[in-house]
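Here is what each chain is made of, one letter per residue.
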Amino acid sequence: MDVPIKAGAGPLAEQVAEHFRRRIASGQCPHGSKLPPSDRVPGVSHVTVLKAYRSLAREGLVAISRATGTEVIARQEAPCYVLITQHASRIPTITDAHLSGEFLEQAHGRNGRAEIFHLPTGRIDTVAEAERMVPDNLRQMLLDRRVKGLLVNHPSCMIGLVEWLQRWSLPVVSINGPSEVNRVKLDRRQMYLLGVQQLQAAGCGRILVLVPPHDEDGAALVEESPGDGVTWRLMGASFAPQRAVSSGRRIIRELAGGELPEGLLIPDDLVGLGVLLGRQGMGKDAAEMKLAIATGTGQLADAFASVIQLRYETADLLSSALDIVDRCFGMANHEPVVTQIAFTCIPPEEGTP
């Protein structure tokens, strides 16, 4: 059995011990199984392996016998899937309740244990901030090696936490977040182009697409400006939806460059803006404007008179994230795995109650 050894990663005996700790925790070395003889581990000396085994014995994981070898005596508790999210302070695309319920269902369907941790709303930008914010029971689960992998919702608000979690050498999956780690992301480019296509098919000649700040796919399309009669607008980070409520028509006309658009495309990040415009800011004009909204829920179906919903399935999002955990669990090093989730279209006849 090969043991991966990395130069500069600490004492050799500790690297060997950590390798077998992981195999025991994951069930790859189950209760009653034997670890390889200390002189049969390629590339590592007998003395080093024996030192590692003694360390495991002190932890109560193995029993060493000259007659029978080194036997695993720890009884494994099935490792746990963990979801970390925040209480959203805006109208979210996927509500916490919807996401949490689907996560528990998906994890239990894999015969796995599941835990959910809700952190207070706010940014966690540094590892030091993460150290202060991580709940004690999650920290203990990590120390006890009772975690199989971690899903992080709202990762752009918790960059420091994502970095801190990576130090535990477990699969960390960012839900629509940083590209440096495993992630499941919405195919936002496909979403924008699908929305424009559907509005054009509905007869809209003038279309306004609102792109939230920090949306790389949307910003690229703003630069490209594809489509005749389509105005692409990147919203500034300081834009306040409340301003649009008091003067919705004027704001939309300004964004569209003159006349009110016949079609409006709003992605999930701006769902709250769409609700405010449809129910308050636009008044009767909302009944004359077709809306394409990208969302994981149907919460805007009654805000505008004619709504084309661009939907993704929360079940697909979480299933893909858990697939990554299952695939990467126990792997010491691997390239980040990225999965994209596409949108489908629900026309007004089906999407409007």
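Residues numbered from 1 in each chain as written. Predicted model: local features only at pLDDT ≥ 70, side-chain atom pairs only at ≥ 80, totals over all residues. Heavy atoms only, no water.

A.B. asks: Account for the sheet that holds strand β6 (residues 172-175), with residues named and values stated.
C.D. replies: Hydrogen bonding along the main chain pairs the strands of a sheet, whether they run parallel or antiparallel. Within the open sheet, the 6 strands sit side by side as β4-β3-β5-β6-β7-β13. Their pairing is parallel. In the strand order of this sheet, the two ends are held by β4 (113-119) and β13 (338-341), each with one partner. Averaged over all neighbouring strand pairs, the angle between strand axes comes to 20 degrees, with direction disregarded. Pairing of strand β3 (residues 80-86) with strand β5 (residues 147-152) involves 5 bridges; the strand directions are parallel. Each bridged residue has a counterpart across the sheet, and for Val82 the counterpart in β5 is Leu150. (Pairing = 2+ DSSP bridges. Helix = DSSP H or I, 4+ residues; strand = E, 2+ residues; numbered from the N terminus. Axes fitted to C-alpha atoms, helices over the stretch in contact; angles between N-to-C directions.)

A.B. asks: I'd like a description of the pairing of β3, backed by residues and values.
C.D. replies: For β3, the buried fraction is high: 7 of the 7 residues fall into the buried class. Of the two faces of β3, both are covered, the one formed by Cys80, Val82, Ile84 and Gln86 as well as the one formed by Tyr81, Leu83 and Thr85. Strand direction decides the pairing type here: β3 and β4, joined by 7 bridges, are parallel. Bridge pairing links Ile84 to Phe117 in β4. (Buried < 20%, exposed > 50% of the residue type's maximum accessible area, 1.4 Å probe, protein only.)

A.B. asks: Explain helix α12 (residues 314-328) to me, and be specific about the residues and the numbers.
C.D. replies: The terminal C-alpha atoms of α12, which comprises 15 residues, lie 21 Å apart, in line with the 21 Å expected from a rise of 1.5 Å per residue. Of all the positions in α12, only Thr314, Leu317, Leu318, Ser320, Ala321, Leu322, Ile324, Val325 and Cys328 are classed as buried. Downstream of α12 by a residue or two, Gly330 has a phi angle that is positive, lying close to 90 degrees. (Expected span 1.5 Å × (residues − 1).)

A.B. asks: An account of the nonpolar core is requested, with residue identities and associated values reported.
C.D. replies: In terms of nonpolar packing, the biggest core is built from 40 residues, with Leu151, Val209 and Trp232 touching the most fellow members. No other element matches the 7 residues that α12 contributes to this core. With residues up to four places along the chain from it excluded, the contact list for Trp232 reads Tyr192, Val196, Val209, Val211, Leu221, Val222, Ser225 and Pro226. (Core = buried A, V, L, I, M, F, W, Y, C linked by side-chain atoms within 4.5 Å. Contact = heavy atoms within 4.5 Å.)

A.B. asks: Got a sec to walk through the packing of aromatic side chains? Specific residues and values, please.
C.D. replies: In total, this model carries 4 aromatic pairs according to the counting rule given. Pairing Phe20 with Tyr53 gives two aromatic rings, centres 5.7 Å apart and planes at 70 degrees, and the pair type is edge-to-face. In this pair, Phe20 is assigned in helix α1 (residues 12-26) and Tyr53 in helix α2 (residues 46-58), connecting sequence segments 33 residues apart. Each member of the pair Phe20 and Tyr53 is classed as buried. With a centroid separation of 5.7 Å and 65 degrees between ring planes, the pair formed by Trp164 and Trp168 is classed as edge-to-face. The class of Trp164 is buried, set by a relative accessible area of 3%. Take Trp168: its relative accessible area is 24%, and that puts it in the partly exposed class. (Phe/Tyr/Trp six-rings, centres within 6.5 Å; stacked < 30°, edge-to-face > 60°.)

A.B. asks: An account of the packing of helix α7 (residues 188-201) against helix α8 (residues 216-224) is needed here, citing residue identities and associated values.
C.D. replies: Contact pair α7 / α8: the axes reach a minimum separation of 8 Å and the direction vectors enclose 50 degrees. Judged by the inter-axis angle, α7 sits oblique to α8. In this structure, the crossing between α7 and α8 has a hand that is right-handed. On α8, the residues touching Arg188, Arg189, Tyr192 and Leu193 of α7 are Asp217, Gly218, Leu221 and Glu224. Here the residues of the contact of α7 with α8 are counted per class, giving 3 nonpolar, 1 polar and 4 charged. (Parallel < 35°, antiparallel > 145°, perpendicular 65-115°, else oblique. Left-handed = near helix turned anticlockwise from the far one by under 90°. Nonpolar A, V, L, I, M, F, W, Y, C, P; charged D, E, K, R; others polar.)

A.B. asks: So what about a positive patch on the surface? Which residues, and what values?
C.D. replies: Among the surface-exposed residues, Lys51, Arg54, Arg58 and Arg66 lie close enough to one another that they form a single positively charged patch. Residue position: Arg66 is located in the loop between β1 (62-65) and β2 (69-72). (Patch = residues over 30% accessible without salt bridge, like charges linked within 9 Å, V, L, I, M, F, W, Y side chains within 5 Å. Areas by Shrake-Rupley, 256 points an atom, 1.4 Å probe, with all protein chains shown as cover. Salt bridge = Lys/Arg side-chain N within 4 Å of Asp/Glu carboxyl O. Lys, Arg positive; Asp, Glu negative; His and termini not counted. Charge placed at Lys NZ, Arg CZ, Asp CG, Glu CD.)

A.B. asks: Outline the side chain of Asp187, supporting the account with residue identities and numerical values.
C.D. replies: Note that Asp187 resides in the loop between β7 (182-186) and α7. Of the side chains with opposite charge, Lys185 lies nearest to the buried Asp187, which makes no salt bridge, at 5.4 Å. When residues no more than four places from it in sequence are discounted, the contact partners of Asp187 are Gln340, Ile341, Ala342 and Phe343.

A.B. asks: Account for unusual backbone geometry, naming residues and giving values.
C.D. replies: Despite not being glycine, Ser169 shows a phi value in the positive range, around 55 degrees. Among the secondary structure elements, Ser169 is positioned in the loop between α6 (159-166) and β6. You will see that Ser225, though not glycine, has its phi angle at about 50 degrees, which is positive. As for its position among the elements, Ser225 is in the loop between α8 and β9 (230-234).

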